[in-house]
Amino acid sequence: MSASGPGQTPGRLPESVRRWLRPAYVWRRLTHNLLPKLAALAVASVLWYVTTGDRRANVEQGFDVPVTVRDTTGGDERRAVASLNPDTVRVTLSGRPERLSELRGANIEAVVDVTGVPEGGFNRPVTVTVPAGTTLTRRSPERVQGSVETQLSRTVTVTPGVVPLEDGSLPRYATSPADVILSGPSRAVTTVTRVVTTPTALQPGESREVRLLALDDRGLPVESVQTRPASVTLRRQDRGEVPIKTLRVTLNSPPSGLRVTSATLEPASVRVVAPPALLARLREVAGRVTYRPGTSALTVQLDLPEGAQALDSVSVRLVVERVPGATPSN
């Protein structure tokens, strides 16, 4: 039970409240000192307009920003990031129109940090650093995927790309340097079987700077690898008549415990280019394969002396069986 003040009937609103329910009273209060009230409202509106001018003048603009990988993982092992997806992010900035018109995607930094991430796949957030005078509104996507791989380097001998002459003969080339350093993710480097020059036709005695291609065992370019240097000097050594000879391919013998019942070489002979003195000594080309029981199709590794080059690749279809009672050997 609540107490009531003087002149207040229990259950009724106070007089000060009931006055505001009378329209005449409300109108008198609103029109009281009307001009000062209107002036105060006008001043407040002007102040609001001035203080929010910059905010109202801001616009938004999108930029395609390449993703930079940061990796400060210590240790002796070199690391690389492959298959970054996506490799750009869409960054939307807010700011003054004149400020945004000055910017390009290169002025914005989008970083994915893989420090300490173990080798293999990852899904990491992208950190965006924006220029002064702008505000980051959104970025898409907010995370990127990729894989961390060890970085591998090895020395590879360059194979000149030979372009046949009009009469079908093949010129003889040499490169300088003869060897290059191949580097990249181990997954990619281990698939490279040879590094060749881009096919180039030269006149006798002519030389030219040419770029290099890293190829796998199918002759397809291998991505994500680099050669150092990226190009070599290709020089034609012959005088227009290239010594070439077709030689029979012979296979290494199978290990004890295995017997070859069928071996079909394709082709059975290869064309070999070499200096005349060396070519005169060659009678056949030795080929190596790894024998296993069963039927298999293999690429033959050709053993040629230094200075000789085979112009053909050889494959063999083998049927190998175990010799009964024999002890297999490696």
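Refer to the structure printed above.
About the thresholds
Residues numbered from 1 in each chain as written. Predicted model: local features only at pLDDT ≥ 70, side-chain atom pairs only at ≥ 80, totals over all residues. Heavy atoms only, no water. Helix = DSSP H or I, 4+ residues; strand = E, 2+ residues; numbered from the N terminus. Buried < 20%, exposed > 50% of the residue type's maximum accessible area, 1.4 Å probe, protein only. Contact = heavy atoms within 4.5 Å. Areas by Shrake-Rupley, 256 points an atom, 1.4 Å probe, with all protein chains shown as cover. Pairing = 2+ DSSP bridges. Salt bridge = Lys/Arg side-chain N within 4 Å of Asp/Glu carboxyl O. Patch = residues over 30% accessible without salt bridge, like charges linked within 9 Å, V, L, I, M, F, W, Y side chains within 5 Å. Axes fitted to C-alpha atoms, helices over the stretch in contact; angles between N-to-C directions. Polar contact = N/O pair within 3.5 Å; in protein donor to acceptor, adjacent residues only side chain to side chain.

Caption draft 1: Local environment of the overall build of the protein. Along its length, the protein carries 7 helices and 21 strands. Taking all 330 residues of the protein together, the buried fraction comes to 29%. A fraction of 69% describes how many contacts in the protein between residues 6 or more apart in sequence connect residues 24 or more apart. When the accessible surface of the protein is summed, it comes to about 20800 Å², and 52% of that surface belongs to carbon and sulfur atoms.

Caption draft 2: Highlighting the pairing of strand S19 (residues 294–303). By the bridge criterion, 3 bridges tie strand S18 (residues 284–288) to S19 in an arrangement that is antiparallel. Across the sheet, Gly287 pairs through a bridge with Leu302, a residue of S19. Turn length for the S18-S19 hairpin, with the two strands adjacent in sequence and antiparallel, is 5 residues. Two elements, S19 and strand S21 (residues 314–322), share 7 bridges in a ladder whose sense is antiparallel. For Val300, the partnering residue across the bridge sits in S21 and is Val314.

Caption draft 3: Quick look at the pattern of salt bridges. Counted by the stated rule, this structure contains 13 salt bridges. A salt bridge links Asp64 to Arg90, with the nearest nitrogen and oxygen atoms 3.2 Å apart. Of the two residues, Asp64 sits in strand S1 (residues 59–70) while Arg90 sits in strand S3 (residues 88–95), which places them 26 residues apart along the sequence. The shortest N-O distance in the salt bridge between Asp71 and Arg79 comes to 2.8 Å. The class of Arg79 is partly exposed, set by a relative accessible area of 23%.

Caption draft 4: Structural context of a nonpolar patch on the surface. The grouping of Leu34, Leu35, Leu38 and Leu41 at the surface amounts to a nonpolar patch, some 420 Å² of accessible area in total. With respect to the helices and strands, the residue Leu35 is situated in helix H3 (residues 34–51).

Caption draft 5: Spatial organisation of the sheet that holds strand S4 (residues 109–113). If you trace the 5 strands from one edge of the open sheet to the other, you get S6-S4-S1-S3-S7, paired in mixed fashion. For this open sheet the edge positions go to strand S6 (127–129) and strand S7 (134–140), each flanked by a neighbour on one side alone. For this sheet, the mean inter-axis angle between neighbouring strands, taken without regard to orientation, is 35°. Pairing geometry for S1 and S3, over 8 bridges, is antiparallel.

Caption draft 6: Just the sheet that holds S18, in detail. Reading across from one edge, S16-S21-S19-S18-S15-S17-S20 is the order of the 7 strands in this open sheet, with mixed pairing throughout. The sheet terminates laterally at strand S16 (258–266) and strand S20 (309–310), the two strands that pair on one side only. Where S16 meets S21, 8 bridges bridge the pair, whose relative direction is antiparallel. Bridged to Ser262 within S21 is Val319.

Caption draft 7: Representation of the environment of Arg288. With respect to the helices, strands and loops of the structure, Arg288 is situated in strand S18. Considered as a pair, Arg288 and Thr250 are 38 residues apart in the sequence and their alpha carbons are 8.5 Å apart. In this structure, Arg288 is in contact with Asn252, Thr299, Val300, Gln301 and Asp303, ignoring residues within four places of it in sequence. Here the side chain of Arg288 touches Asp303 through a polar contact of 2.9 Å, side chain to side chain.

Caption draft 8: Broad picture of the environment of Ala274. Looking at where Ala274 falls in the secondary structure, it is placed in the loop between strand S17 (269–273) and helix H7 (276–281). Between the alpha carbons of Ala274 and Glu306 there is a distance of 9.0 Å; along the sequence they are 32 residues apart. The contact partners of Ala274, leaving out residues within four places of it in the chain, are Arg172, Pro243, Leu279, Gly307 and Ala308.

Caption draft 9: Structural view of unusual backbone geometry. Pro86 follows Asn85 through a cis peptide bond whose omega is -5°. That bond from Glu266 to Pro267 is cis: its omega, -5°, falls within 30 degrees of zero. Despite not being glycine, Ser224 has its phi angle at roughly 70°, a positive value. Within the fold, Ser224 resides in the loop between strand S12 (207–215) and strand S13 (226–228).

Caption draft 10: Local environment of the pairing of S1. Pairing analysis gives 4 bridges linking S1 to S4, with the strands arranged parallel. When the bridges of S4 are listed, Val67 appears paired with Ala110.

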